[in-house]
Amino acid sequence: MDNILLIETSTALCSVALAQDGKITSYRESSAPKAHASLTAVFIQEMLAEHSLTLADCDAICVSKGPGSYTGLRVGVSTAKGLCFGSGKPLLAVGTLDTLVAQADEIAGIKYIIPMIDARRMEVYSAIYDRALNAVKEVSADIIDENSYAEYLEKHEKIAWVHYPDLPSDTDYPLAQKYLPNGSCGVVSFGVRGGREAAEKFMSALRLASIETHVADARSCCLHPASATHRQMNEQ
């Protein structure tokens, strides 16, 4: 049986797990603030004892290599390196965003996967992957605004059209550059192929954006007039 010890400390969550033959058989996690240094080794000891294992029984130790919290990563990587140095086991390193992307791999109909975690100072660590999990855009710390992913939305085969004045392909792009040099607005309009039914399916799949019937909100909102304010109107 292959035993791999997994350590994830790149975010506020401190997590340790044991994978046996490719399946998670045990894990420990805590969201207690600034607890990585005090809990990581304890979690590892508890988990190995639970399965009557020692480090000698492990085939490798895998740790998140970031991006993420500097302090958290330092704790995780130093713990993993110390365990490998003492036991002679190989060290594996996996990107934090790669781990997030793997969780979205089973969702059907995806063309792009854009994982992100908080980098503070109004930034996020992000990258862009295609359906085959190949990196289209490498990891970077970005300030996300309405321009960030409009071009990828435009390229999606399930999107019929995108209207955003700051998008170079938009008919209003020259006017936006002339009269709005600092950026136009935070509203991106787009059409989903398949009509109202497809649009309503898209809306129901949203998890982070708030579904509203108005604009000018402090939240990230998504509006679908055809099924809300204009639902009593016919196709014409």
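Computed from a predicted structure; not experimentally measured.

1. Overview of the sheet that holds strand β2 (residues 14–20)
Spatially, β3-β2-β1-β4-β5 is the arrangement adopted by the 5 strands of the open sheet, whose pairing is mixed. Taken across any chain shown, the strands that pair with only one partner, and hence form the sheet edges, are β3 (23–30) and β5 (91–94). Sheet twist, expressed as the average angle between the axes of neighbouring strands with direction ignored, equals 20°. In terms of strand pairing, β2 meets β3 through 7 bridges, oriented antiparallel. Across the sheet, the residue bridging to Ala17 is Tyr27, located in β3. Each of β1 (3–8), β4 (60–64) and β5 touches helix α2 (residues 70–87); the most contacted strand, β4, lies at about 170° to it.

2. Re the nonpolar core
With 16 residues, the main nonpolar core has Leu5, Ile7, Val16, Ile44 and Ile61 as its most contacted residues. Those elements that place two or more of their residues in this core are β1, β2, α1 (36–50), β4 and α2. Top contributing element to this core by residue count: α1, with 4 residues. Ignoring any residue separated from it by four or fewer positions in sequence, one finds Ile61 in contact with Leu5, Ile7, Leu55, Ala80, Leu83, Cys84, Pro90, Leu91 and Leu92. In this structure, Leu97, Ala104, Ile117 and Ala127 belong to the second largest nonpolar core, which totals 8 residues.

3. Section: the side chain of His36
Residue position: His36 is located in helix α1. With relative accessibility at 9%, the residue His36 sits in the buried group. Reaching out from His36, the side chain makes a polar contact with the backbone oxygen of Thr11 at a distance of 2.8 Å. Not counting residues up to four positions away in its chain, the partners in contact with His36 are Thr9, Thr11, Ala12, Leu13, Cys14, Gly72 and Val75.

4. Things to note about the packing of aromatic side chains
Counted under the stated rule, the structure contains 2 aromatic pairs. Ring centres 5.2 Å apart and planes at 75° place the aromatic pair Tyr112 and Tyr152 in the edge-to-face group. Of the two residues, Tyr112 is situated in strand β6 (residues 112–113) and Tyr152 in helix α4 (residues 150–155); the sequence distance between them amounts to 40 residues. Here Tyr112 falls in the partly exposed class, since its relative accessible area comes to 22%.

5. Thoughts on a nonpolar patch on the surface
On the surface, a cluster of nonpolar side chains totalling about 320 Å² of accessible area is made up of Leu175, Tyr179 and Leu180. By the element assignment, Tyr179 lies in helix α5 (residues 173–179). You can call Tyr179 exposed: its relative accessible area is 56%.

Rules of the game
Residues numbered from 1 in each chain as written. Predicted model: local features only at pLDDT ≥ 70, side-chain atom pairs only at ≥ 80, totals over all residues. Heavy atoms only, no water. Pairing = 2+ DSSP bridges. Helix = DSSP H or I, 4+ residues; strand = E, 2+ residues; numbered from the N terminus. Axes fitted to C-alpha atoms, helices over the stretch in contact; angles between N-to-C directions. Contact = heavy atoms within 4.5 Å. Core = buried A, V, L, I, M, F, W, Y, C linked by side-chain atoms within 4.5 Å. Buried < 20%, exposed > 50% of the residue type's maximum accessible area, 1.4 Å probe, protein only. Polar contact = N/O pair within 3.5 Å; in protein donor to acceptor, adjacent residues only side chain to side chain. Phe/Tyr/Trp six-rings, centres within 6.5 Å; stacked < 30°, edge-to-face > 60°. Patch = residues over 30% accessible without salt bridge, like charges linked within 9 Å, V, L, I, M, F, W, Y side chains within 5 Å. Areas by Shrake-Rupley, 256 points an atom, 1.4 Å probe, with all protein chains shown as cover. Salt bridge = Lys/Arg side-chain N within 4 Å of Asp/Glu carboxyl O.

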